[in-house]
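Residue-level structure breakdown
Below, each chain spelled out in residue letters.
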Amino acid sequence: MKNVIHTIGKGALAGALVFNFNLAQAGVPWPGNVPGGQDHPLIQRFAGSVLLGYQAQSWGQAEVPLSAQEARDSGPRRLKDVQAIEGKVTRLVYLSPQGKAPLEVFRNYEQALTAAGLTRKFSCDKNCSNLYFAWRANGEVKDLAQSLRWSVGGIPSATSASSSYALVDPLSADGRMLVGTLPNQSGAPVSVLVYTSTAINDDTRAAATFIQIVEPKAMQTGQVTV
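Heads up: these notes are all about the structure in this document. (Residues numbered from 1 in each chain as written. Predicted model: local features only at pLDDT ≥ 70, side-chain atom pairs only at ≥ 80, totals over all residues. Heavy atoms only, no water.)

Here we look at the state of the cysteines
The term disulfide refers to a covalent linkage connecting the sulfur atoms of a pair of cysteines. Throughout the structure, instances matching the rule amount to one disulfide. The disulfide bridge from cysteine 124 ends at cysteine 128, spanning 2.0 Å between sulfur atoms. In this structure, the disulfide formed by cysteine 124 and cysteine 128 twists by about -100° around the S-S bond and is classed as left-handed. For the pair cysteine 124 and cysteine 128, one class covers both residues: buried. (Disulfide = S-S within 2.5 Å. Buried < 20%, exposed > 50% of the residue type's maximum accessible area, 1.4 Å probe, protein only.)

Given below as structure tokens:
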């Protein structure tokens, strides 16, 4: 696998505004990295970003969208074209430095992945938040808040030194998505999904990025005897 190196900025879903009057004097601190979390060796974080959420499964199933078309039926909202993939699954949520726009962050990931040999399967470059949440609605990350391990604290408001927003599941509007595969030394490609949006809302003046990486891996068998 090639390492993908980035240079990037800041990140966004509607979390509740939390007023912290105890920090009114000093201001609300920027959150730290989630304990026990780590970057995936394939894709390094946008420069200066914080790892807010982390999940690593030695073997599991994940889904990726192949189009923005929604299924036309009477059931729950869902996408029509979704591919299921099995293997080692890693999911990460980053908060980029304050002042970095979602577009800048996304373009850096896009350029770095392309340079590393990404084969693009699907992308959405405008008004992609509906696609992102429709994809999540019936998949393995339906409840991102419960699926991932999260850092503590809040995302500070850029306009009020004494207030912050809940940092759990901060993906939101102004989003863009990229889905593709990267070459792997084992021969089977690695699936990559990147979604970058505003972090919570414009008041944070930051961007949030969700990354899902699925590495091909055979499931361990012979664990049940009949």
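So, empty space enclosed by the protein
Rolling a probe over the atoms, with the probe sized like a water molecule, indicates the empty space that remains. Taken as a whole, the largest cavity holds about 30 Å³ of empty space. Every residue along the wall of the largest cavity is listed here: Glu63, Trp135, Arg136, Gly139, Glu140, Val141 and Gln212. Partitioning the lining of the largest cavity into residue classes produces two nonpolar, two polar and three charged. (1 Å grid on protein atoms, 1.4 Å probe; cavity = no way out; pocket = protein on both sides within 12 Å on 5 of 7 lines; lining within 4 Å. Points joined across faces, edges and corners; volume = space filled by probe spheres on them. Nonpolar A, V, L, I, M, F, W, Y, C, P; charged D, E, K, R; others polar.)

Points about the packing of aromatic side chains
Applying the stated criterion across every chain, the model contains five aromatic pairs. Ring centres of tyrosine 132 and phenylalanine 133 lie 4.8 Å apart, and the angle between their planes is 75°; on these two criteria the pair is classed as edge-to-face. Residue tyrosine 132 is classed as buried on the basis of its relative accessible area of 0%. On the accessibility criterion, phenylalanine 133 (26% relative accessible area) is partly exposed. Ring geometry for tyrosine 132 and tryptophan 135: centres 6.0 Å apart, planes at 45°, overall tilted. Taken as a pair, tyrosine 132 and tryptophan 135 lie in helix α2 (residues 129-137) at a separation of three residues, close to a single helical turn. Ring pairing ties together the aromatic residues Tyr132, Phe133, Trp135, Tyr195 and Phe210, which thus form one cluster. (Phe/Tyr/Trp six-rings, centres within 6.5 Å; stacked < 30°, edge-to-face > 60°. Helix = DSSP H or I, 4+ residues; strand = E, 2+ residues; numbered from the N terminus.)

Looking at unusual backbone geometry
A positive phi angle, near 55°, is found at aspartate 169, a position not held by glycine. Along the polypeptide, aspartate 169 turns up in the loop between β7 (163-166) and β8 (176-182).

Side note on the pattern of salt bridges
Enumeration according to the criterion identifies eight salt bridges in this entry. A salt bridge links aspartate 125 to arginine 176; the nearest nitrogen and oxygen atoms lie 4.0 Å apart. A residue pair is termed long-range when its members are at least 10 positions apart, and aspartate 125 in the loop between β4 (119-124) and α2 and arginine 176 in strand β8 qualify at 51 residues. When its relative accessible area of 38% is taken as the criterion, aspartate 125 is described as partly exposed. Here arginine 176 and aspartate 174 are joined by a salt bridge, their closest N and O atoms 3.6 Å apart. (Salt bridge = Lys/Arg side-chain N within 4 Å of Asp/Glu carboxyl O.)

Things to note about the pairing of strand β3 (residues 82-95)
In this sheet, β3 lies alongside strand β2 (residues 50-65) in antiparallel orientation, the contact comprising 13 bridges. Pairing of alanine 62 across the sheet is with isoleucine 85, part of β3. (Pairing = 2+ DSSP bridges.)

Some details on the sheet that holds β2
Strands sit in the order β4-β8-β9-β10-β3-β2-β5 across an open sheet of seven strands; the sheet is antiparallel. On the outer flanks of this sheet lie β4 and β5 (149-150), each paired with one strand and no other. Each of β3, β4, β8, β9 (190-198) and β10 (207-215) is contacted by helix α1 (residues 102-115), which is oriented at about 165° to β9, the strand it contacts most. The sheet strands contacting α2 are β2, β4, β8, β9 and β10, and the helix crosses β2 at an angle near 60°. (Contact = heavy atoms within 4.5 Å. Axes fitted to C-alpha atoms, helices over the stretch in contact; angles between N-to-C directions.)

Notes on the side chain of threonine 90
For threonine 90, the location among the structural elements is in strand β3. You can call threonine 90 buried: its relative accessible area is 4%.

Things to note about the pairing of β8
Burial runs high along β8: seven of the seven residues are buried. Every second residue of β8 is oriented toward a common face, with Arg176, Leu178, Gly180 and Leu182 on one face and Met177, Val179 and Thr181 on the other, all of them buried. Bridge analysis of β4 against β8 gives five bridges, and the strand direction is antiparallel. Across the sheet, the residue bridging to phenylalanine 122 is valine 179, located in β8. Here β8 runs beside β9; their pairing, made up of seven bridges, is antiparallel. Bridge pairing links threonine 181 to serine 191 in β9.

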